[in-house]
Amino acid sequence: AVVSTQSTGINTSQLYAELRFKDLPYNAEVLYSTNWYLFGYLLHYVPFYLMGRILYFHHFYSAFIFNCALTASTAEMLFSRCASPHKTTMLRVALLSVVVMSFVAFSPLAYGISVDEDNKIQGHITWLRWLDTWPF
C-alpha cells in the first residue's frame, strides 16, 4: 500500500536532507563509507577463511571488490588529512610504488609459474611461498 505523505505529516524533503550527509564533515562521510566497506569485506572474507578446504580465486572475488573500495576509501582518508600538496603527492607516489611492486612480485602466481626441467620452481619466486602447506 502506498502511504501519502500528506496524511502522515512527513516532510519528504526534510527526511531526504537528514539522510544525506550535509551535516557531516567530509572525513566523517569517508569514515562512514569505509566502515561499510570493511563490514562488507569481513562479511565475505571471514567465512572462507574459516573453511578447512582448498579455496580458489572465485571464493574471494566478492571480498576483493570490497577490498578495492576499502583501499581507495582508506587512501582518500590519508590524502585528505595531509595539509600540504607536497605531502599528498609523496603519499600518492608511495602508494603507487607499492601497488606496482606488488603486481610485479605476485604476477607469477596469477599468470603462471615458471619451472625448470626437474619440475622445480625457479628461484626468483620461491620467497613467495610463505607457508610450507602451500602447494607450489
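Thresholds, definitions, all that
Residues numbered from 1 in each chain as written. Predicted model: local features only at pLDDT ≥ 70, side-chain atom pairs only at ≥ 80, totals over all residues. Heavy atoms only, no water. Helix = DSSP H or I, 4+ residues; strand = E, 2+ residues; numbered from the N terminus. Buried < 20%, exposed > 50% of the residue type's maximum accessible area, 1.4 Å probe, protein only. Contact = heavy atoms within 4.5 Å. Areas by Shrake-Rupley, 256 points an atom, 1.4 Å probe, with all protein chains shown as cover. 1 Å grid on protein atoms, 1.4 Å probe; cavity = no way out; pocket = protein on both sides within 12 Å on 5 of 7 lines; lining within 4 Å. Points joined across faces, edges and corners; volume = space filled by probe spheres on them. Patch = residues over 30% accessible without salt bridge, like charges linked within 9 Å, V, L, I, M, F, W, Y side chains within 5 Å. Salt bridge = Lys/Arg side-chain N within 4 Å of Asp/Glu carboxyl O. Phe/Tyr/Trp six-rings, centres within 6.5 Å; stacked < 30°, edge-to-face > 60°. Lys NZ or Arg CZ within 6 Å of the ring centre and 35° of its normal. pLDDT = per-residue confidence, 0-100. Axes fitted to C-alpha atoms, helices over the stretch in contact; angles between N-to-C directions. Parallel < 35°, antiparallel > 145°, perpendicular 65-115°, else oblique. Left-handed = near helix turned anticlockwise from the far one by under 90°. Nonpolar A, V, L, I, M, F, W, Y, C, P; charged D, E, K, R; others polar.

1. A look at the overall build of the protein chain
Phase 1 of the analysis: Helices and strands together make up the secondary structure of the protein chain, namely five helices and zero strands.
Phase 2 of the analysis: When the helices and strands of the protein chain are listed from N to C terminus, the series reads α-α-α-α-α.
Phase 3 of the analysis: Among the 136 residues that make up the protein chain, the fraction classed as buried is 12%.
Phase 4 of the analysis: In the protein chain, once contacts between residues fewer than 6 apart in sequence are set aside, the share between residues at least 24 apart is 36%.
Phase 5 of the analysis: When the accessible surface of the protein chain is totalled, it reaches about 11200 Å², and 65% of it is carbon and sulfur.

2. Concerning the layout of surface pockets
Phase 1 of the analysis: Its volume calculated, the largest pocket comes out at about 1700 Å³.
Phase 2 of the analysis: In terms of lining residues, the largest pocket is bounded by 35 residues, among which Leu55, Phe57, Phe60, Leu109 and Trp134 are the most central.
Phase 3 of the analysis: At the level of elements, helix H3 (26-49), helix H4 (57-81) and helix H5 (85-111) are the ones that each hand at least two residues to the lining of the largest pocket.
Phase 4 of the analysis: Sort the elements by how many residues they give to the lining of the largest pocket and H4 lands first, with 10 residues.

3. Here's the deal with a nonpolar patch on the surface
Phase 1 of the analysis: A surface patch of nonpolar side chains, amounting to about 500 Å² of accessible area, comprises Leu38, Leu42, Val46, Tyr49 and Leu50.
Phase 2 of the analysis: If you trace the backbone, Leu42 turns up in helix H3.
Phase 3 of the analysis: For Leu42, a relative accessible area of 40% corresponds to the partly exposed category.

4. What to know about the packing of aromatic side chains
Phase 1 of the analysis: The full count for this structure, using the stated rule, is four aromatic pairs.
Phase 2 of the analysis: With 5.4 Å between their ring centres and 10 degrees between their planes, Tyr41 and Tyr45 make a pair best called stacked. With Tyr41 and Tyr45 both in helix H3 and four residues apart, this pair spans about one turn of that helix.
Phase 3 of the analysis: Counting every residue linked through ring pairs, the aromatic cluster contains Tyr41, Tyr45, Phe48 and Phe60.
Phase 4 of the analysis: Above the plane of the ring of Phe79 lies Arg92, whose end atom (NZ or CZ) is 4.5 Å from the centre.

5. A short note on the environment of Thr88
Phase 1 of the analysis: Note on placement: Thr88 falls in helix H5.
Phase 2 of the analysis: Exposure remark for Thr88: the relative accessible area of 13% places this residue in the buried category.
Phase 3 of the analysis: Thr88 sits 10 residues away from Leu78 along the chain, and the two C-alpha atoms are 8.4 Å apart.
Phase 4 of the analysis: When neighbours within four sequence positions are excluded, Thr88 is seen to be in contact with Phe79 and Cys82.

6. Let's talk about the confidence of the model for the protein chain
Phase 1 of the analysis: Within the protein chain, residue pLDDT values average 75, and 68% of them lie at 70 or more.
Phase 2 of the analysis: Mean pLDDT across the secondary structure elements of the protein chain bottoms out at helix H1 (residues 5-8), with 53, and peaks at H5, with 86.
Phase 3 of the analysis: Scored below 50 in pLDDT, residues 1-5 shows three contacts in the model against residues more than four places distant or in partner chains.

7. Concerning the packing of H4 against H5
Phase 1 of the analysis: Where H4 contacts H5, the axes come no closer than 9 Å and their chain directions differ by 155 degrees. Taken together, H4 and H5 sit at an angle that is classed as roughly antiparallel. In the packing of H4 onto H5, the handedness of the crossing is right-handed. Contact residues: Ala75, Leu78 and Phe79 in H4; Thr88, Leu91, Arg92 and Leu95 in H5.
Phase 2 of the analysis: Residue classes in the contact of H4 with H5 are distributed as five nonpolar, one polar and one charged.

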